[in-house]
Structure formats: C-alpha cells, structure tokens
Amino acid sequence: MKPSRRVSARLGAIAPSATLAVDSKAKALKAAGRPVIGFGAGEPDFPTPDFIVEAAAAATRDPRNHRYTPATGLPELKKAIAEKTLRDSGYEIDPANVIVTNGGKQAVFQAFAAIVDPGDEVLLPAPYWTTYPEAIALAGGTPVEVFAGADQDYLVTVEQLEAARTENTKALLFCSPSNPTGAVYSEEQTKAIGEWALEHGIWVLTDEIYEHLLYDDAQFTPIVRAVPELADQTIVLNGVAKTYAMTGWRVGWMISPADVTKAAANFQSHLTSNVANVSQRAAIAALEGGLEEVHAMRAAFDRRRRTMVDMLREIDGVVCPTPKGAFYAYPSVEGLIGRTVGGVEITSSADLAGVILEQAEVAVVPGEAFGPSGFMRLSYALGDEDLVEGVTRIQKLLAS
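For the structure given in this document, a descriptive report is provided here.

1. Side note on the overall build of the protein
Then, in step 1: If you tally the helices and strands in the protein, you get 14 helices and 14 strands.
Then, in step 2: Each principal axis of the C-alpha distribution contributes one length, and for the protein these read about 60 × 60 × 50 Å.
Then, in step 3: Residue burial in the protein is summarised as follows: out of 400 residues, 56% are buried.
Then, in step 4: A separation threshold of at least 6 residues defines the contact pool for the protein, and within that pool the share at least 24 residues apart is 74%.
Then, in step 5: Looking at the protein, you have 35 positive and 50 negative side-chain charges, and the mean spots of the two groups are 7 Å apart.

In structure tokens form, the structure reads like this:
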C-alpha cells in the first residue's frame, strides 16, 4: 500500500512568514530579558485612532452585529469603500464588486485563487512581499521573479517584464508603494506597465495598501486611473491595516470584475463567511472619518525614515536608496558579503541578520525573505529612540 502523507504536499510546501518569524523571535528574546530592538514587523506603533475604537465599542452593543451578515461584507462598508475609491483613486466602482476580507492577506490569496490555474505564470517584481509567492503557489501557479536592484531603486521596467513574459503568463503582481522596499512607481512608469499588461491581456493584481504613506515628491498612481481600459482585467487589493494603524482588526478588501467577484465570493462563503461585524463597523468609521490622524502618523514616519536612511548610509558597505513610501528601508548589504563580522564570515544577508540579532540584539529581516540575498528590510514603524538605538548598535557592530 502506498504510504500516505501526514501533511499534504500543498501545505507542506508553504514557507513560514519570514517577517512574522523574525518578529516572533525578537519578542521571545525580549521576554527572556534581552534588550532586543525589532525592525521586523510591518506594523505601525501608533494606537488605532480613538474615534474608530469608539465606533467599535458602540457596535458591540448593537445586536445586529451579533449575527451572521453577508459573506462579502456589510453593505454600508462596501459603499464606504466605493466612496473612498472615488475620493482617493479618482474612479468609480460598483459596491457589488467589493469583497471585504479578513485582512489584506485573505484578499491576496483569494485574488490569486480566483484567476490562476495550474501551469499559469505570475510575474512577481522582486524584491516582493514574502506572502505573494506562497499565495501564487497555493493557487497552483508559478511565480516568476523579475528582479530590480538598488541601482534601479527597486523599480522594474516594461522591458524586464516583457523579457519574462511567456505564453503561460497570466498575471502581474503590482505593488506601489512597495513592501519591502518603499519604492513608488511614477505616473509615467505605472501607465507604461498598465498599457503593456492591457496589450498582452495580462491580469494585474495591484496591492495599494500603503497608498497614503508617501514622502517627498512621490505620488500614488492607481493603475486603473492611469489606464482605465485595464479595469476589466485588474483586481485591486487594499485594507485599513497600515493607513489607520488597524493591523489587529483584520479588515481588507478586493475589488474585481463581476465574474471574478462572484467566484471569490462563493469561495469566501465556504472559507470564512463574513468578517467580524465589529471590525467592519470600525472600518466604516475609519474610511468616513477623514485622514487628519493618518497625516500625523505619516509625519512621524517621514521623520524616522530620514533618520534611518541617513544612519544606514554612514555604514561602509551599505547602499540605501531613499524609500518614497510605506515604512521600510531596504538597504543593499552586498558590499558586506565576504567580510567577517563579529568573528563570523558573512556569506549571505541571512548570515548577517543572524549575527546582528545575536551580537547587536537587533532584529532585521534578511533579503532572502523577499527575493535575492544581499539586502535587509528594516521597518521604521517604531519609536524614535528605539530606532536610533537599534541602528547605532548595527553601526557599531559593522564597524568593529
């Protein structure tokens, strides 16, 4: 008899989230009494704004929220998402084409599951968020990395995408502002990529969750606004987690053409049913409440961003492009590969991250989590004093 697997090959092949793993290890070391500073998790250090919390508290007392509601989301929230899309992205959508999900990750997975079949290839600009390739693989697709390094400010070109396109190319993952690099595509670059995808009939999954976290002269360009004809082959992924410091509330959404929405809605009806109603009510308050507190958080992120980039650039062997969005710096540490740091020969950015954690007690995420080795991701969504202390420790270690 053929031996059976205890764990399915499909789930057994999934790599754990590297960012959450680093954050978990840092917290475990802190709990053990070590003064670890963590740059790992992509999570604002601010509390959720009070007006959102108060809306949630009121929602707990409303019996409507104690029961099942439509699997695709509260009609009031879907309407608020449509109004927010018109306000922030400049084009109209039908609320019927919105699915509210349990955080942005569920939206990502459902989007790939809705359009990808076995044998389909998905172009994945690298460095990429660690979850994308796992979601593509779970849907039966094959991620095809298209790498742009620090010399390109981590922005892929149409020429690179075209070189990677084959007859099996089904979709492109587009993320601007980017996690992990903080790179932001210009309007011209976004339009060129959108027109290329339209020409070749390629789906675009556009992750716009960092749309409000922009700095310097960077501007958010929704790809559907840049190329309106692309709407029928685009899935928009978004959520309240980053903009409103609501990572724990677990509210994301996907906006898609009607046929894709129907398929994904059927899937979600079996997978999770509705998102927690109290969280949905909080999300309504967030989307309808304006962006004043968001702008205050962004000002703090901007200050920390400039401090971190300046300090990283002081380290010999480190090259750090200026991030224009999100809350991450993504320095190249390729110049440190082959050196000895703290008595350890560095052969990869994973080696370097391990030495930094053990000897400087600072947690960073190595580039291997996001594509090629030779890079590190540091989140600057933490307090100013911890940020300076943490980068100072890295400076001292790498200067020794």
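2. Here's the deal with the nonpolar core
Then, in step 1: Judged by nonpolar contacts, the single largest core of 60 residues is most densely connected at Leu-77, Ile-81, Leu-161, Val-240, Tyr-244 and Leu-287.
Then, in step 2: It is helix α11 (residues 277–288) that contributes the most residues to this core, five residues altogether.
Then, in step 3: Every residue in contact with Leu-287, bar those within four places of it in the chain, is listed here: Leu-77, Ala-80, Ile-81, Lys-84, Arg-87, Val-240, Tyr-244 and Trp-253.
Then, in step 4: Ranked by size, the runner-up nonpolar core spans 42 residues in total, among them Tyr-210, Leu-336, Leu-387 and Val-391.

3. Some details on the packing of aromatic side chains
Then, in step 1: Tallied over the full model, the rule gives 14 aromatic pairs.
Then, in step 2: Between Phe-109 and Phe-267, the ring centres sit 6.0 Å apart and the planes meet at 55°, which makes this aromatic pair tilted. Highlighted residues: Phe-109 in helix α5 (residues 103–115) and Phe-267 in helix α10 (residues 258–271), separated in sequence by 158 residues.
Then, in step 3: Assessed through its relative accessible area of 31%, Phe-267 is described here as partly exposed.
Then, in step 4: Put simply, the rings of Phe-46, Tyr-210, Phe-301, Phe-327 and Tyr-328 touch in pairs and so form one group of aromatic residues.

4. Considerations on the sheet that holds strand β6 (residues 203–207)
Then, in step 1: Spatially, β2-β8-β7-β6-β5-β3-β4 is the arrangement adopted by the seven strands of the open sheet, whose pairing is mixed. Looking at strand neighbours, the two that pair on one side only are β2 (98–101) and β4 (142–147), the edges of this open sheet. Adjacent strand axes in the sheet meet at a mean angle of 20° when their direction is disregarded.
Then, in step 2: Both strand β3 (residues 121–126) and strand β5 (residues 169–175) contribute to a ladder of three bridges, which runs parallel. Residue pairing across strands places Leu-123 opposite Leu-172, the latter belonging to β5.

About the cut-offs
- Residues numbered from 1 in each chain as written.
- Predicted model: local features only at pLDDT ≥ 70, side-chain atom pairs only at ≥ 80, totals over all residues.
- Heavy atoms only, no water.
- Helix = DSSP H or I, 4+ residues; strand = E, 2+ residues; numbered from the N terminus.
- Buried < 20%, exposed > 50% of the residue type's maximum accessible area, 1.4 Å probe, protein only.
- Contact = heavy atoms within 4.5 Å.
- Lys, Arg positive; Asp, Glu negative; His and termini not counted.
- Charge placed at Lys NZ, Arg CZ, Asp CG, Glu CD.
- Core = buried A, V, L, I, M, F, W, Y, C linked by side-chain atoms within 4.5 Å.
- Phe/Tyr/Trp six-rings, centres within 6.5 Å; stacked < 30°, edge-to-face > 60°.
- Pairing = 2+ DSSP bridges.
- Axes fitted to C-alpha atoms, helices over the stretch in contact; angles between N-to-C directions.

Keep in mind that these numbers describe shape and distance, not what the molecule does.
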